[in-house]
Amino acid sequence: MLRIIKALALASLPVFFSANTFADERGDVRAQLEPKGYLYGIGLGLSQEIYKGYNRRVIPLPILGYRGEKLSVYGPFVSYELLELGDVELEVQASPRFQGFDESDSDIFLGMEERDFSMDLGAYLKYERDNWKLSVGFLRDIFNKSDGLELKAKIAKAYKFGPIFFEPNLSISHLDKNHVDYYYGVRDFEVTQSRALYQGDSAINQSIGFSVSTPIFFGGFTQLAIDYTMFDSSITDSPLVERDNNLSMRLLFSKFF
């Protein structure tokens, strides 16, 4: 974990402190990768679950949105730029949290209360220069399901080879005790012989991701993104959990009006 934190910190240094060596714009590759306008499309999310007996989560993602100078709407994901200070932007974000379970998802959840889907709202500081993107911020549950808080830092760089765009990224997230206990804890009335009492503590998870995008199919924009996440022991020690890592994938296709 320390190696990944160090890698993120070292990667961030040239972005923050060497701005004079870069071009004035955020980068021609990123401008092409994130064009502005009204768009529509469809997507599919597929994620390995770390819960026992719950193999995968499938999430359809209908897309109807807009990307402008300040406002960005991409399906249920919304962001708005509140303030710009030089190369740094302050942005508010709203996004769904596709987590939770009910008894039908796995035998391990029989006799447990449902853990619900929720929505998060928060703010991020974002820095973009020479095709790099660095963001640091927080998201809080606004539906009062977990009443949890996530702090997250992410760094990415976009590349282009012909009509193909690539973007590797590295991120670290801190989930507070409320979040971990809600989604991975076992309450006293939920205890069975195979499911011990468990109170979750805060967790630090690390992710490595990679996306590939292209405009060559069907007159639209196609993107495949894959993320590998390593989970903190305060999550993996839960009696509900059987894995310490997972893979998730998103396939998106969109077109401009």
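The structure we're discussing is the one just above.
Only a predicted model underlies this, so the values are computations on that prediction, with no experimental measurement involved.

Following the criterion strictly, the structure yields 14 salt bridges and no others. Linking arginine 97 and aspartate 120 is a salt bridge whose minimum nitrogen-to-oxygen distance equals 2.7 Å. With a gap of 23 residues between them, arginine 97 in strand S5 (residues 88-97) and aspartate 120 in strand S6 (residues 118-129) connect regions that are remote in the sequence. Under the relative-accessibility criterion, arginine 97 is labelled buried at 12%. Here arginine 250 ties to aspartate 227 by a salt bridge, and the two come within 3.1 Å at their closest N and O atoms. A residue pair is termed long-range when its members are at least 10 positions apart, and arginine 250 in strand S13 (residues 245-256) and aspartate 227 in strand S12 (residues 221-230) qualify at 23 residues. Using a relative accessible area of 33% as the deciding quantity, one classes arginine 250 as partly exposed. Look at aspartate 227 and you get buried, because its relative accessible area is 14%.

Pairing analysis gives nine bridges linking strand S1 (residues 37-48) to S13, with the strands arranged antiparallel. Looking at S13, one finds that leucine 46 is bridged to methionine 249. Relative to S13, S12 runs antiparallel, the two being bridged by 10 bridges. What sits directly across from alanine 225, in S13, is arginine 250.

When you line up the elements, aspartate 232 lands in the loop between S12 and helix H4 (233-236). Buried charge aspartate 232 goes without a salt bridge, the closest partner of opposite sign being lysine 177 at 14 Å. A polar side-chain atom of aspartate 232 sits 2.9 Å from the main-chain amide nitrogen of serine 234.

Tallied over the entire structure, the rule returns 15 aromatic pairs. Relative to phenylalanine 210, the ring of phenylalanine 166 lies with its centre 5.8 Å away and its plane at 35°, an arrangement referred to as tilted. On the criterion of sequence distance, the pair formed by phenylalanine 166 in strand S10 (residues 164-175) and phenylalanine 210 in strand S11 (residues 203-214) is long-range, its members being 44 residues apart. These aromatic residues form a ring-pair network of at least three members: Tyr51, Tyr54, Phe101, Phe109 and Tyr184. Directly above the ring of tyrosine 182 sits arginine 115, whose terminal nitrogen or CZ lies 5.9 Å from the centroid.

Attention now goes to the nonpolar core. Within the largest apolar cluster, 19 residues are counted, with the highest numbers of intra-cluster contacts made by Tyr51, Phe109, Tyr184, Ile235 and Leu240. Setting aside anything within four residues of it in sequence, one finds tyrosine 51 in contact with Phe101, Phe109, Tyr183, Tyr184, Leu240, Val241 and Glu242.

With three bridges joining them, strand S2 (residues 56-67) and strand S3 (residues 71-74) adopt antiparallel strand pairing. Counted as the bridge partner of tyrosine 66 is valine 73 from S3. With antiparallel pairing between neighbouring strands as the criterion, S2 and S3 make up a hairpin whose turn holds three residues. Across four bridges, the pairing between S3 and strand S4 (residues 77-85) is antiparallel. Looking at S4, one finds that serine 72 is bridged to serine 79. Where S3 folds back onto S4 in an antiparallel hairpin, the turn is made up of two residues, including glycine 75, whose phi is positive at roughly 65°.

Residue placement: tyrosine 80 occurs in strand S4. For the pair tyrosine 80 and glutamate 91, spaced 11 residues apart in the sequence, the C-alpha separation amounts to 5.5 Å. Sequence-distant contacts of tyrosine 80, that is, excluding residues within four places in its chain, are made with Lys70, Leu71, Leu90, Glu91 and Val92.

Attention now moves to the environment of glutamate 84. Among the secondary structure elements, glutamate 84 is positioned in strand S4. Sequence spacing of glutamate 84 and lysine 126 is 42 residues, and the spatial spacing of their C-alpha atoms is 9.5 Å.

Cut-offs used in this document
Residues numbered from 1 in each chain as written. Predicted model: local features only at pLDDT ≥ 70, side-chain atom pairs only at ≥ 80, totals over all residues. Heavy atoms only, no water. Salt bridge = Lys/Arg side-chain N within 4 Å of Asp/Glu carboxyl O. Helix = DSSP H or I, 4+ residues; strand = E, 2+ residues; numbered from the N terminus. Buried < 20%, exposed > 50% of the residue type's maximum accessible area, 1.4 Å probe, protein only. Pairing = 2+ DSSP bridges. Lys, Arg positive; Asp, Glu negative; His and termini not counted. Polar contact = N/O pair within 3.5 Å; in protein donor to acceptor, adjacent residues only side chain to side chain. Phe/Tyr/Trp six-rings, centres within 6.5 Å; stacked < 30°, edge-to-face > 60°. Lys NZ or Arg CZ within 6 Å of the ring centre and 35° of its normal. Core = buried A, V, L, I, M, F, W, Y, C linked by side-chain atoms within 4.5 Å. Contact = heavy atoms within 4.5 Å.

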